[in-house]
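Each chain is listed here by its residues.
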Amino acid sequence: QGTIHPFRKTHRSFFGKLSQEFRLVTSDRQSWRILVFSMLNVFCTGCLLMWCSSTNSMALTAYTYLTIFDLFSRVFSVIFVCLIAHVCVCVFSTRFKRLEVLAVFASTVLVQLGALFILKESVERFVEQPEVHTGRLLVGTFVALFFNLLTLLSVKNKPFVYVSEAASTSWLQEHVADLSRSLCGIIPGLSSVLLPRMNPFVLINVAGALSLSITYMLIEINNYNAVDTASAVAIGLMIFGTMYPMSVYSGKVLLQTTPSHVIGQLDKLLREVSTLEGVLEVRNEHFWTVGFGSLAGSVHVRIRRDANEQMVLAHVTNRLFTLVSTLTVQIFKDDWIRPSLMAEALPASTLRPSDYGGLSSFVPPPPKPSEDINRLTSTPFKPSSPPPEFSFNTPGRHVHPVVLPNTQPQRPYGMGLSYGASPYTSMLNQDLARPGMGIGIGMNLGMGAAPQRFGRHPF
Amino acid sequence: MDDKYSSNVLSSGQLGMVEVPNARLTRYIVLLLVSKVLKALGIFESYDLLKVVHIVQFIFILKLGCAVILVFFQKPFSSGKAISKRQWIKLLKHSVISCIISLLGFFGLTLCGPLRTLLLFEHSDVVVIALLSVLFTSSGGGPSKTRGAALFIIAVICLLLFDNDDLMAKMAEHPEGHHDSALTHALYTAIAFLGVADHKGGVVLLVVSLCLKIGFHTASRKLSVEIGGAKRLYALDNLVSCIVLLPWVIVVQSSWSALILPFGMIIFSVMILEFYVESICIAKMEAPRCARYGSIFLFLSGLLLANFWTHPLTEQLRTMSKTPQQESTETEHVLSGGVLVSAIFFIMADSILSSPSKKGQKGTLVGYSPEGTPLYNFMGDALQHTSQSLPRFIKDSLKQILEEYDSRQIFYFLCLNLAFTFVELFYGVWTNSLGLISDGFHMLFDCSALVLGLFAALMTRWKATRIYSYGYGRVEILSGFINGLFLMVIAFFVFVESVTRLVDPPNINTDMLTPVSVGGLLVNLVGICAFSHAHSHGAAKSNCSSHDHGHSHGHGSHGHSHGSSHGHSHGGGMNANMRGVFLHVLADTLGSVGVIISTILIRQFGWLIADPICSLFISTLIFLSVIPLLTDAAEVLLLRTPPEHEKDLNIALEKIEKVEGVLSYRDPHFWRHSASVIAGTIHLQLMSDVVEQRIIQQVTAILKDAGVNNLSVQVEKEAYFQHMSGLTTGFHDVLAMTQQMESMNYLKDGTCIM
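Fair warning: this is a prediction, and the values are worked out from it, not measured in the lab.

K.L.:
Can you break down the UniProt feature "transmembrane region" (unreviewed entry) in chain A residue by residue, with the values?
P.N.:
Residues and elements named next belong to chain A. Sites flagged by UniProt as "transmembrane region" (unreviewed entry) map to residues 32-51, 71-92, 99-118, 138-155, 201-219 and 231-249. With 94% helix and 0% strand, the stretch residues 138-155 has end C-alpha atoms that lie 26 Å from each other. Annotated as residues 201-219, this span is 100% helix and 0% strand, and its ends, taken at the C-alpha atoms, are 27 Å apart.

K.L.:
How would you sum up the pairing of strand S3 (residues 662-672) of chain B? Please name residues and give values.
P.N.:
On a regular strand, each side chain points to the face opposite its neighbour's, so the side chains alternate between the two faces of the sheet. All names here are of chain B. With eight bridges joining them, S3 and strand S4 (residues 678-686) adopt antiparallel strand pairing. Across the sheet, Ser664 pairs through a bridge with Gln685, a residue of S4. Counted along the chain from S3 to the antiparallel partner S4, the turn is five residues long.

K.L.:
Account for the nonpolar core, with residues named and values stated.
P.N.:
Counting residues in hydrophobic clusters, the biggest one holds 86 residues, and the most contacted among them are A:Tyr63, A:Ile239, B:Phe481 and B:Leu485. Each residue touching A:Tyr63, except ones within four places of it in the same chain, is listed here: A:Thr141, A:Ala144, A:Leu145, A:Asn148, A:Asn205, A:Gly208, A:Ala209, A:Leu212 and A:Ile235. In terms of nonpolar packing, the next biggest core, distinct from the first, is built from 72 residues, B:Phe58, B:Leu159, B:Met271 and B:Phe346 among them.

K.L.:
Run through unusual backbone geometry, naming residues and quoting values.
P.N.:
Residue and element names in this part refer to chain A. Phi at Asn56 takes a positive value of approximately 60°, unusual for a residue other than glycine. Structurally, the position occupied by Asn56 is in the loop between helix H2 (29-55) and helix H3 (58-85). Although it is not a glycine, Asn284 sits at a positive phi angle of roughly 50°. Summarising the element assignment, Asn284 is placed in strand S1 (residues 279-289).

K.L.:
Before we move on, can you summarise the sheet that holds strand S5 (residues 710-716) of chain B with the specific residues and values?
P.N.:
Sheets are built from strands paired through backbone hydrogen bonds, the pairs being either parallel or antiparallel. Residue and element names in this part refer to chain B. The sheet built from three strands is open, its strands ordered S3-S4-S5 with mixed pairing. Across the chains shown, the open sheet's two edge strands, defined by having one partner strand only, are S3 and S5. Between one strand axis and the next, the sheet turns by 10° as a mean value, whatever way the strands run. The sheet contact formed by S4 and S5 spans seven bridges and is parallel. Bridged to Gly680 within S5 is Leu711. Taken strand by strand, helix H24 (residues 692-705) contacts S3, S4 and S5, and its axis lies near 145° from that of S5.

K.L.:
Would you mind going over the pattern of salt bridges in detail, with residue names and values included?
P.N.:
All names here are of chain B. Inspection of every chain in the model, using the stated rule, returns 22 salt bridges over all chains. Across the salt bridge formed by Arg666 and Asp667, the nearest N and O atoms sit 3.5 Å from each other. In this structure Asp667 comes out as partly exposed when scored by relative accessible area, which is 35%. What you see here is one network of salt bridges that share partners, running through Lys36, Lys39, Glu122, Glu274 and Glu278.

K.L.:
Outline the state of the cysteines, listing residues and values.
P.N.:
Residues and elements named next belong to chain B. Inspection of every chain in the model, using the stated rule, returns zero disulfides over all chains. Cys211 supplies the cysteine sulfur nearest to Cys112, a cysteine that is in no disulfide, at a spacing of 15 Å. On the basis of relative accessible area, Cys112 is assigned to the buried category, the value being 0%. Of all cysteine sulfurs, the one in Cys415 lies closest to Cys529, which takes part in no disulfide; the gap is 18 Å.

K.L.:
Tell me about the confidence of the model for chain B, and please be specific about residues and values.
P.N.:
All names here are of chain B. Averaged over all residues, the pLDDT of chain B equals 75, while 74% of them reach at least 70. Within the model, the stretch residues 380-384 combines pLDDT values under 50 with zero contacts to residues more than four positions away or in other chains. What the predictor reports for the complex is a pTM of 0.71 with an ipTM of 0.72.

K.L.:
Mind laying out the sheet that holds strand S2 (residues 295-303) of chain A, listing which residues take part and the relevant values?
P.N.:
Residues and elements named next belong to chain A. Read from one edge of the open sheet, three strands run S1-S2-S3, paired in mixed fashion. This sheet does not close on itself; its edge strands, each paired only once, are S1 and strand S3 (326-333). With strand direction ignored, the average angle separating the axes of adjacent strands in the sheet is 15°. Pairing analysis gives eight bridges linking S2 to S3, with the strands arranged parallel.

K.L.:
So what's going on with the side chain of B:Lys213? Residues and values would help.
P.N.:
Residue and element names in this part refer to chain B. In this structure, Lys213 sits in helix H9 (residues 198-227). One buried charge, Lys213, has no salt-bridge partner; the nearest side chain with opposite charge is Glu122, at 4.2 Å. Of the polar contacts made by the side chain of Lys213, one reaches the backbone oxygen of Phe121; its length is 3.2 Å. Setting aside residues no more than four positions away along its own chain, Lys213 makes contact with Ile101, Phe121, Glu122 and His123.

K.L.:
Give a detailed account of the packing of helix H4 (residues 97-127) of chain A against helix H10 (residues 226-254) of chain A, specifying residues and quantitative values.
P.N.:
All names here are of chain A. One can describe the packing of H4 onto H10 by two numbers: an axis separation of 8 Å at closest approach and a directional angle of 155°. The angle between H4 and H10 places the two elements in the roughly antiparallel class. Here the hand of the crossing between H4 and H10 comes out left-handed.

K.L.:
Kindly report on the confidence of the model for chain A, identifying the contributing residues and their values.
P.N.:
All names here are of chain A. On average, residues of chain A carry a pLDDT of 69, and 61% of them reach 70 or more. In the predicted structure, residues 1-12 sits below a pLDDT of 50 and forms 46 contacts with residues beyond four places in sequence or in another chain. Per-residue pLDDT stays below 50 along residues 340-459; that stretch engages in 166 contacts with residues further than four places along the chain or on separate chains.

K.L.:
Lay out the packing of aromatic side chains in plain terms, naming residues and giving numbers.
P.N.:
Residues and elements named next belong to chain B. All told, the structure shown has 24 aromatic pairs over all chains when counted by the stated rule. Between Tyr234 and Phe275, the aromatic rings sit 4.0 Å apart at their centres with planes inclined by 15°, giving stacked as the arrangement. Taken as a pair, Tyr234 in helix H10 (residues 230-251) and Phe275 in helix H11 (residues 260-284) lie far apart in primary sequence, 41 residues in all. Here Tyr234 matches Phe275 in class, with each residue buried.

K.L.:
Just give me the short version of helix H23 (residues 646-658) of chain B, but keep the residues and values in it.
P.N.:
Side chains three or four residues apart in an α-helix point the same way, a direct result of the helix having 3.6 residues per turn. Residue and element names in this part refer to chain B. In this model H23 runs 19 Å from its N-terminal to its C-terminal C-alpha over 13 residues, within 8% of the 18 Å that 1.5 Å per residue would give. The set of residues buried in H23 consists of Leu649, Ala652, Leu653 and Ile656. Angularly, the buried residues of H23 cover 105° about the axis, an arc narrow enough to put them on a single face. H23 presents Lys647 and Lys658 as exposed residues on the side facing more than 90 degrees away from its buried surface. In this structure, the buried side of H23 is in contact with S3, S4 and H24.

Rules used in this analysis
Residues numbered from 1 in each chain as written. Chains lettered and ligands numbered in written order. Predicted model: local features only at pLDDT ≥ 70, side-chain atom pairs only at ≥ 80, totals over all residues. Heavy atoms only, no water. UniProt positions renumbered as here; feature names shortened; annotations may be inferred. Helix = DSSP H or I, 4+ residues; strand = E, 2+ residues; numbered from the N terminus. Pairing = 2+ DSSP bridges. Core = buried A, V, L, I, M, F, W, Y, C linked by side-chain atoms within 4.5 Å. Buried < 20%, exposed > 50% of the residue type's maximum accessible area, 1.4 Å probe, protein only. Contact = heavy atoms within 4.5 Å. Axes fitted to C-alpha atoms, helices over the stretch in contact; angles between N-to-C directions. Salt bridge = Lys/Arg side-chain N within 4 Å of Asp/Glu carboxyl O. Disulfide = S-S within 2.5 Å. pLDDT = per-residue confidence, 0-100. Lys, Arg positive; Asp, Glu negative; His and termini not counted. Polar contact = N/O pair within 3.5 Å; in protein donor to acceptor, adjacent residues only side chain to side chain. Parallel < 35°, antiparallel > 145°, perpendicular 65-115°, else oblique. Left-handed = near helix turned anticlockwise from the far one by under 90°. Phe/Tyr/Trp six-rings, centres within 6.5 Å; stacked < 30°, edge-to-face > 60°. Expected span 1.5 Å × (residues − 1). Arc of directions from axis to C-beta.

Here you go:
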């Protein structure tokens, strides 16, 4: 009953393609290495499963699942190398990066389901404890530990590394961090080794091996067979603890949620957007992560009737572009038929500067947080919604900061204008070589006294 | 050095608690040590005494002696303010409860022996309250406290499981004549009913009475203030409990006059000295430190005594008592490995749990002070603790569940399933049939999938939040995906199991199987009926709702936004959650059918091989039926263009290209967000002389016809690219923009320039 492993490939169609791509994979050195490791892992897993059934030990079975998880992530990464190398993802168009996320999610959930199965079996075993033979227990433990660590440290699995760093810490990590902090209080020299965030996979492997050795000792010395079940439960719980944050993280990506660590920055940007001249409100804002790390979003911006849509669009895009790489902005005007007709009927030259003041003095005022909160409406927005939670000095729980180039928002192009020969104009004149454009700007610049009329092109 | 790594915001500077150096406290620590050693001695002695003296009598004598001494010292009647009648009644209640607790404690002592009693029962309030707060509240105080709680629990489990006390096996078959009172007999039968050995029952009893004791201490704090001091309360309490116990003692007559000396010793060490020393130490040192030292001293002295205690009283007692109840060959509660380990764990747990919380409070960063030090807001903890009462929470969630058809269906079926499971489990325990019990656990395992489905069905109706900006509809699909994975795991386990059985078919006892599997089949058939209905119903409803949604969002200028002919092409319905649950129930039904068939075959023809073949077949069926669910859910999760809309969307895109004024489009993304929402984004390039809003409306209408009901259109003219290239100063960006502009072929021949 211990000889089973619960993991199935979830994407059948890819495995068919895998055989086609095999030649391709073997040509690449990196993927060749991964393939070798996968073979090794399969072999090791087979051995371990045999030993599991011969020792009749639940704890070893639970530990073997970790090995299978490793194998699984390896297999996935092979598929990805193959898929990246050969573009067979036309169906999924640009959303290919999500496949990684789905893979991480599926494998972490599968390993958790395996752990659930272990827990169930252990409860049954508590009722009637069978004999455990310790013959191969220790050997199996060390073989599994060795292979796991070898594969973990030698093959970099990009999506898993990313998730393990970005997801919140597991309880195992927290406890180890706490213990090592108090240890560092005694021996400060160890702080460079112990204080940084531990790799959760290494941690769970070592902890599992430790509990298996304790099991072995107790069974050898005192014949406490129940220890085996207890340590199986412990390993199962550890698997849960380690995998749960990762599956939550990747599941949230799959659910198209706004990642909570960028919410603060997004709010700031949206506030800036809503203070732009001509913008009335920002609504229906949806932001989500496509793959790991790349943000996409769509937003509806309602503007004044007399505002220039393309201008606002350009500014909004420019603001949000620093954070959101794939952006769709829909500009909205209420009652658009009447004013637009009026605006077109009027010749541009007859417009008084005061009329224009609204849309063309686009030097945005520095964002004033006090007044603009209510301008950002329509989707629930709490100004007190969780800013990154803070806890002092705990190395384990750190929110991944997204570095935002700080200089960007303070770059209104009115500044460039005052210098006359700004990069803006020169760039345009050189690269675009659009005479009409160049003339328009040149004229505006030449006037100097009315710089706010810049950007309005005569239709 | 410790400061550098401590995570405490408050105590890292001068603000924190100032610890009194140990040197000044040496006196009190020594006092504490002496009192604890004496207390351990007293407990050991009272264990011996309890063998001959009846327990109620024993407690009565303790209380009486204590009361006499305390009344003499404290003078509760002559000093302090008078006690009103209401306070007397409270005092009476208080002392009745204290009698019950000490009764339980000493009864536990007779069951588990002195050392285990010391380990289990003598924890200070601080420790237990920290433990309970870790276990039952969210703000336990960091990982170290959690570790302490885990150690505590492991220690208790060690005592329960790994402590093979030889005496216990003997006492388990205790002769009925041994019990000399109704009370002890009742307790014994209660423990025997639990089906555990005596000392294990004692462990459970002691843990329960420890919790009672702590709760009692906390509750009596108010009374002690009312009465006028803990000492006065203690004296009065002892007196009143004497009076409470008196009638009982008169009924149970036996002689104890020869044991004055040991009783005096016990009264002095256990009841009086410890009380006074504890109160002094708590006043002089802080309570956590007192608790830490006290428990360490107590446990260590208990361990030492357990090793060296030779039961000096036992001989004397045995000669004195006329009817020796037990043979002299009996061994006492000895030290075993389990006890040793658990003692070490208890000491560690106590020292961790009683240490003041080092964990810094969680604050939110507010900003920076002018000097550059960060400022935090600690208000959150105090404000967020508006915990809902449990019954109210249950009521609310039940109401939510019963509101909608899907979740109601799942909930009823879950209840049915759970009821069946528990009947099975109880019957299994009753008849001691392992097969039934394991089948019950298997059912519970299956129920977890149902719980998942129920939860997802609940969540889908939550309102959209900042993080879940489209609403929670997608949870349903994710839950369907997880359920699919779950089924795959189950199918695989069954498959491997049946392969191993195929090689070596075991003998199956078929007696119990038939009724159980028939019962399971019936339950699951009910489920299938319910869910297949819900299935079709849900699909139809989701279609309807999606169209309603579409109408309400139409901006109304164009009349051709009625798309009722679309969307019916998808056959299975997109409610992946219900599909997952349905498949689960189907798999269970198949399992029961398989068991019935194989039982019949085995009964009639004796084909043992029929069972594994059946399960092979079933697992393959499950596997095959799950694959479509998994692929569908995966496609939705991967944001794929919904296949059933693909054709419509292509046609719509062609139409969009033909709209007047549209030059081209780029980045068309359409994906199904949840059962009712199909979202999309598209970028359009326009000629510079068309009105954008008109185009937006036309495009929205066209795409709405194709089934997209949550759309954002970005409309770009040439001016946009010029602005963009002006705004982005980076050379590469401009280059990219230029290329994009050049891709608009109309611009090439210069017709559109200004």
